[in-house]
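What follows is the residue order along each chain.
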Amino acid sequence: MINDEELIRRCQQNDRSAQKVLFEKYANKMMATCMRYCKNQEDAKDLLHEGFYKVLTKIDKFKGNSKIDTWMTRIFINLALNKTREGRYKYNHYEYDPKLEQPSEDEPEDSRQVEAHEVLKALKELPEKYRLVLNMYAVDGMSHKEIASKLGISVGSSKSRLSRGRVMLNALLKTKKRL
Amino acid sequence: MDNLQHIDDLLKRASQEPANAFVNDSDWDIIEKKLERRKIRIYAIWVFLALVVASTSLFILNSSRTSQNKQRVVNTESSQTDYIHTNNKTEILASDDYTLSEEVTETENAGDIKRSSEYKQPTVEMNNQSSENIVDQSSHQQEVSNTSNQFMPSSFKELFSSKTLVQRSTPNFSVNLEYTPTVLVKLSRLDRTASAIEQAINKKTASNYFEIGYSFTPSISSKMLGENSSLSGLINKDYYDKVAANESSAFASSTGINIQYHTKTPFYVSSGLYMTQRTESVDYNYLIDSAPAINATTFAEIDGYFPIVPESVVYTGSNSYHFVEIPLNIGYKQAISRNFEMRTEMGVSYLALLNMQGKKSDATFLRLRDITELNLRTRNIAASISSGIYYNTSRFALGVEPTFSVNLNSMTSSAYQNELDQNVTGNPIQVRPYNYGLNISTNFKLNNK
């Protein structure tokens, strides 16, 4: 099995077979990222294609200061945020329910009882502004300062959106469980 | 909300689940196609850059050559006088029975003497004339010579190793040169070519003249999409994916009468009257399953979407837009050989939209409409640039020029009536077409004496 270093070196030389190996190795992981940032599978697929195209055409700029998948994930996230800014996803439909923003009196959802796909499904139902911050903070490990900078909002807004996003996600998971 | 920190853990765990079901080989095929297209684009850019560099080099080389040639003529005129005076002595002439080959005798141009004298010091015999007379009577020799040894290829220089005495004479003096006949023949040809170019340049700059002719430009028509910032809220969430992504470039053309006015300088003015066609291919195949809920106060923003009975839009065709085009360009020309010159033009065009045919989906509701309903702008301004090679004769000029033009304004009109509210005008999408193609012109020269 070819190691990442060799794979990257060959990709930097535009070796098509190496590029395909890189795709096969990281496509699932990147698709998971795409799915978190997009509302539907079609958008996620588009993002996956654009993201890998960008990764493969910019890979000569990868200096090896981080893991390749970390670098790739950043590219995918930046692309997703760019698309959001361009308005490609800004009219994604969601059923707005004010009740979701009310703090729940019940106990928090037990993480051990929730399936991953349910969490992701619930995540997609969140309004985009909350979903983005939740993704960036909770999953991708960005700081509020970084999130604020990337989304063009204040640090306070980032914190507030994170908090509301958590409340809404928790409420959604409980609702689904009851159903 | 600290008790909800576990949500973060839930998300992290969920995000680590693989997404196997969603990725397959067709995804790689799509990416590979994109990479291949990029590769072709890069090749095309390199070829284009190579052409630009080659053309520019020719242009610069020729400019410096022309100026050096002019300088050479001046230098030769002055140095000839000095030379005659300082070499005012009798040398043994080459034998009278020396004969040049037929090719060599073509070098009748007395200017050869001056040019050759720069390669090898000639010897001069005075034929019972004073040197002053010689200078006076040899003045006619200064008409053509303008080739210098710095333009001579190294392969020619090697030929100088063999020495052949060549006698050149006028009624008043003779010059003996030790060169091979082959060198002289080749130098003579270079000389004639250079002088022909200079004559061509001098001739063209000697008087103003018109060129009129037929011009045809096959091209590829495409467009740049933008958003009207005040109405971008009216762009449907699916517009880019379902509509814009399925509108593509198509073949276009422009044909008409081309008029150029050439001045005494290298600059000229170009205009004409053209029928220009721009096109776009559309290949829609999508479902409208939701309708936008428009903000009832501003009518300029979509608040959300509500589901509707799905409506299918399937249409494949080519939309065409016909214009009358009147360009006004400033051009610059530079001779690069006896018959070829490089011309570069840039300027603006006025395009009046005459008619249009086809169908196109709107940006808000994604419904298919006749393009006449889109209320496109009928008066347009475009900028264009072209640069290419012309083959010139005394009466005709035949040119081939890569050309690029782009609309300076959006084709979509600010007068477009929003069907939601009569008080809201303008199209949320801005469209600026552009063309790149190859202009082929055949011009007839008038007043070119």
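(A) Fine view of the overall build of chain A. Per the secondary structure count, chain A includes eight helices and zero strands. For chain A, the succession of helices and strands along the chain, N to C, is α-α-α-α-α-α-α-α. Of all intrachain contacts in chain A linking residues separated by at least 6 positions in sequence, the fraction that spans at least 24 positions is 68%.

(B) Inspection of the pattern of salt bridges at higher detail. Residue and element names in this part refer to chain A. Counted under the stated rule, the structure contains 21 salt bridges over all chains. Salt-bridge contacts for Lys 25 lead to Asp 4; the nearest nitrogen and oxygen are separated by 2.6 Å. Of this pair, Lys 25 sits in helix α2 (residues 16-37) while Asp 4 sits in helix α1 (residues 4-12), and the two are 21 residues apart along the sequence. In this structure Asp 4 comes out as partly exposed when scored by relative accessible area, which is 24%.

(C) Representation of the interface of chain A and chain B. Taken residue by residue, the interface counts 46 residues in chain A and 41 residues in chain B. Buried surface at the junction of chain A and chain B, summed over both partners, amounts to about 4,100 Å²; 64% is from carbon and sulfur atoms. For the interface between chain A and chain B, the tally reads four salt bridges. B:Glu32 is the salt-bridge partner of A:Arg16, the closest N and O atoms lying 3.9 Å from each other. Where chain A packs against chain B, one counts five residue pairs in polar contact (both at pLDDT 80 or more). Broken down by element, the side of chain A that touches chain B gets its largest block of residues, eleven residues, from helix α3 (residues 41-58) of chain A. Taken together, the residues that form the side of chain A that touches chain B break down as 24 nonpolar, ten polar and twelve charged.

(D) Region of the structure containing the pairing of strand β7 (residues 267-294) of chain B. Residues and elements named next belong to chain B. Sheet topology places strand β5 (residues 247-248) next to β7; two bridges connect them, and they run antiparallel. Bridge pairing in β7 links Ser 248 to Ser 281. Of the pairings in the sheet, the one linking strand β6 (residues 250-262) to β7 comprises ten bridges and is antiparallel in character. Paired with Asn 258 across the strands is Gly 272, a residue of β7. Linkage of β6 to β7, two consecutive antiparallel strands, is achieved through a turn of four residues. The pairing of β7 with strand β8 (residues 302-335) spans 25 bridges and is classified as antiparallel. Residue pairing in the sheet places Leu 287 in a bridge with Ser 312 of β8.

(E) Examining a nonpolar patch on the surface more closely. A cluster of nonpolar side chains, namely B:Phe267, B:Val269, B:Leu273, B:Ile326, B:Leu328, B:Ile330, B:Val348, B:Tyr350, B:Ile381 and B:Leu408, defines an oily patch on the protein surface of about 860 Å² accessible area. Secondary structure elements with two or more residues in the nonpolar patch: β7, β8 and β9 (340-357) of chain B.

(F) Spotlight on the packing of helix α5 (residues 116-125) of chain A against helix α1 (residues 5-15) of chain B. Interhelical geometry of α5(A) versus α1(B) gives an angle of 110 degrees and a closest axis separation of 8 Å. The orientation of α5(A) with respect to α1(B), classified from their angle, is roughly perpendicular. Residue-level inspection shows A:Ala116, A:Val119, A:Leu120 and A:Leu123 of α5(A) in contact with α1(B), the latter providing B:Leu10, B:Leu11 and B:Ala14. Tallied by class, the residues present in the contact of α5(A) with α1(B) amount to seven nonpolar, no polar and no charged.

Calculation criteria
Residues numbered from 1 in each chain as written. Chains lettered and ligands numbered in written order. Predicted model: local features only at pLDDT ≥ 70, side-chain atom pairs only at ≥ 80, totals over all residues. Heavy atoms only, no water. Helix = DSSP H or I, 4+ residues; strand = E, 2+ residues; numbered from the N terminus. Contact = heavy atoms within 4.5 Å. Salt bridge = Lys/Arg side-chain N within 4 Å of Asp/Glu carboxyl O. Buried < 20%, exposed > 50% of the residue type's maximum accessible area, 1.4 Å probe, protein only. Buried area = accessible area lost by both parts, 1.4 Å probe. Polar contact = N/O pair within 3.5 Å; in protein donor to acceptor, adjacent residues only side chain to side chain. Nonpolar A, V, L, I, M, F, W, Y, C, P; charged D, E, K, R; others polar. Pairing = 2+ DSSP bridges. Patch = residues over 30% accessible without salt bridge, like charges linked within 9 Å, V, L, I, M, F, W, Y side chains within 5 Å. Areas by Shrake-Rupley, 256 points an atom, 1.4 Å probe, with all protein chains shown as cover. Axes fitted to C-alpha atoms, helices over the stretch in contact; angles between N-to-C directions. Parallel < 35°, antiparallel > 145°, perpendicular 65-115°, else oblique.

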